[in-house]
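Structure at a glance
So the chains spell out like this:
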Amino acid sequence: MRGALQNNKTVARKRFEGLVRWFKCAHELFCEYKDGIDDYVREGIVELTSCDSLSDSQGFYLPHHAVIRSDKTTSRIRIVFDDSAHEDGQSSLNQSLYTGPNLHLNILELLLCFRKGPAAFTADVKSAFLQIELDLRDRDFTHFFWTDNLNNEPYVLNFTRVLFGLRPSPYLLAATLKHHFKKFKKQYSHTFELLNSSIYVNDLICGQNSVPDVLRTTLECLQIFNNSKQLNLLWQQEGVKTESSETSAIDFRPPTKILGLARDPENDLIYLDPKDLWKLMSRREESKRFILSVVGRTIDPIEILGPFVIKLKFYFMNFGLWK
């Protein structure tokens, strides 16, 4: 891969110059975007690229842009890195990477197992992909342009962690989690089996027989992850009200979404909630980008809407929008 992949520097620089022009017209959004990059630097997720790396012709530059989430009052900006960008006639970073085997469980089986026990709980690994460190040799393929001042020349940063959106990222996360779970196979055998059979990407969904069972599993999970801040835990038991404590590492709010699906815990229902999708569609824009965004918002992990979504996919294929 390293020898065949062109560095994409020209495309990334042009895209960044366009981003700078947009920032000059929307300075408030630039400040939010900058806060996100500053957080990456402070947490060691990205680093300043060394002069030796920049002088090497190998490597890859990632364009990036902002996705504005109008439904959020805070953290409106989400920074997206385009690992599918490429020079004309050249391969993108994603096209050059090996996806790896699928280590994930069947979603329908997970949902059915989740509903079996009277006590249900969920958890997610915080910033899961960004907790996996990149090999030093691979960091040169995650360069990107940035500047603290819109009037200054940009400098180059690179990632030190795995990016969300890369083809092998789901495999790398699953393999990393399984590797660490295995260390506790003897010490916490029951929780080890549960983690291996109840986690999808970075989401753990599980049903247990009682609140004490849930609490024991929760505490053992915290021991396995070795840092309660790395595991955002939500749990509930049907018919039992719980309250959160300011000093508790666990948030006792009932989960409202399971793998992208809405959940009504009182009536024990898991369903598709089209409210956000209808809100988006009410804008009634006539553009390819808008139609693609509508399909992207259609969260359907068990493919209930397959007969309907397939019609849109055929429509895109006819117009060369879907590959």
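Residues numbered from 1 in each chain as written. Predicted model: local features only at pLDDT ≥ 70, side-chain atom pairs only at ≥ 80, totals over all residues. Heavy atoms only, no water.

1. As for the overall build of the protein
For the protein, the helix and strand inventory stands at ten helices and twelve strands. Residues counted as buried form 38% of the 323 residues belonging to the protein. Across the protein, the fraction of contacts at a sequence separation of at least 24, relative to all contacts at a separation of at least 6, is 69%. When the accessible area of the protein is evaluated, it comes to approximately 19,700 Å², of which 51% is carbon and sulfur surface. (Helix = DSSP H or I, 4+ residues; strand = E, 2+ residues; numbered from the N terminus. Buried < 20%, exposed > 50% of the residue type's maximum accessible area, 1.4 Å probe, protein only. Contact = heavy atoms within 4.5 Å. Areas by Shrake-Rupley, 256 points an atom, 1.4 Å probe, with all protein chains shown as cover.)

2. A closer look at the sheet that holds strand E1 (residues 46-48)
An order of E1-E6-E5 is seen for the three strands of this open sheet, with the pairing classed as antiparallel. The open sheet has two free edges, formed respectively by E1 and strand E5 (143-146), since each of these has just one partner strand. For this sheet the average axis-to-axis angle between neighbouring strands, irrespective of direction, equals 40°. Against the sheet, helix H2 (residues 27-42) makes contact with E1, E5 and strand E6 (155-159), and its axis sits at roughly 135° relative to E5, the strand it touches most. (Pairing = 2+ DSSP bridges. Axes fitted to C-alpha atoms, helices over the stretch in contact; angles between N-to-C directions.)

3. Quick look at the nonpolar core
If you look at the biggest cluster of nonpolar residues, it comprises 58 residues, and the most contacted ones within it are Tyr33, Trp146 and Phe159. The residues touching tryptophan 146, leaving out its near neighbours within four places in the chain, are Phe16, Phe23, Phe30, Tyr33, Lys34, Ile37, His64, Pro154, Tyr155 and Leu157. If you look at the next biggest cluster of nonpolar residues, it comprises nine residues, including Leu110, Ala120, Ile205 and Leu261. (Core = buried A, V, L, I, M, F, W, Y, C linked by side-chain atoms within 4.5 Å.)

4. Some thoughts on unusual backbone geometry
The backbone phi angle of serine 127 is positive, close to 45°, even though this residue is not glycine. Considering the arrangement of structural elements, one finds serine 127 in the loop between strand E4 (119-125) and E5. In this structure, valine 201 takes a positive phi of about 55° despite not being glycine.

5. Considering the environment of lysine 178
Within the secondary structure layout, lysine 178 lies in helix H5 (residues 169-182). Aside from chain neighbours lying at most four places away, what touches lysine 178 is Leu103 and Asn196.

6. Remarks on helix H1 (residues 9-25)
Here H1 spans 25 Å end to end across 17 residues, near enough to the 24 Å set by a 1.5 Å rise per residue. For H1, the complete set of buried residues consists of Val11, Ala12, Phe16, Leu19, Val20 and Phe23. As for H1, its buried residues are in contact with H2, strand E2 (64-68) and E5. (Expected span 1.5 Å × (residues − 1).)

7. Regarding the pairing of E6
The element E6 is largely enclosed, with a buried count of four among its five residues. In this sheet, E6 lies alongside E1 in antiparallel orientation, the contact comprising three bridges. Of the residues in E6, the one forming a bridge with leucine 48 is leucine 157. Sheet analysis places E5 next to E6, joined by four bridges and oriented antiparallel. Residue pairing in the sheet places tryptophan 146 in a bridge with tyrosine 155 of E6.

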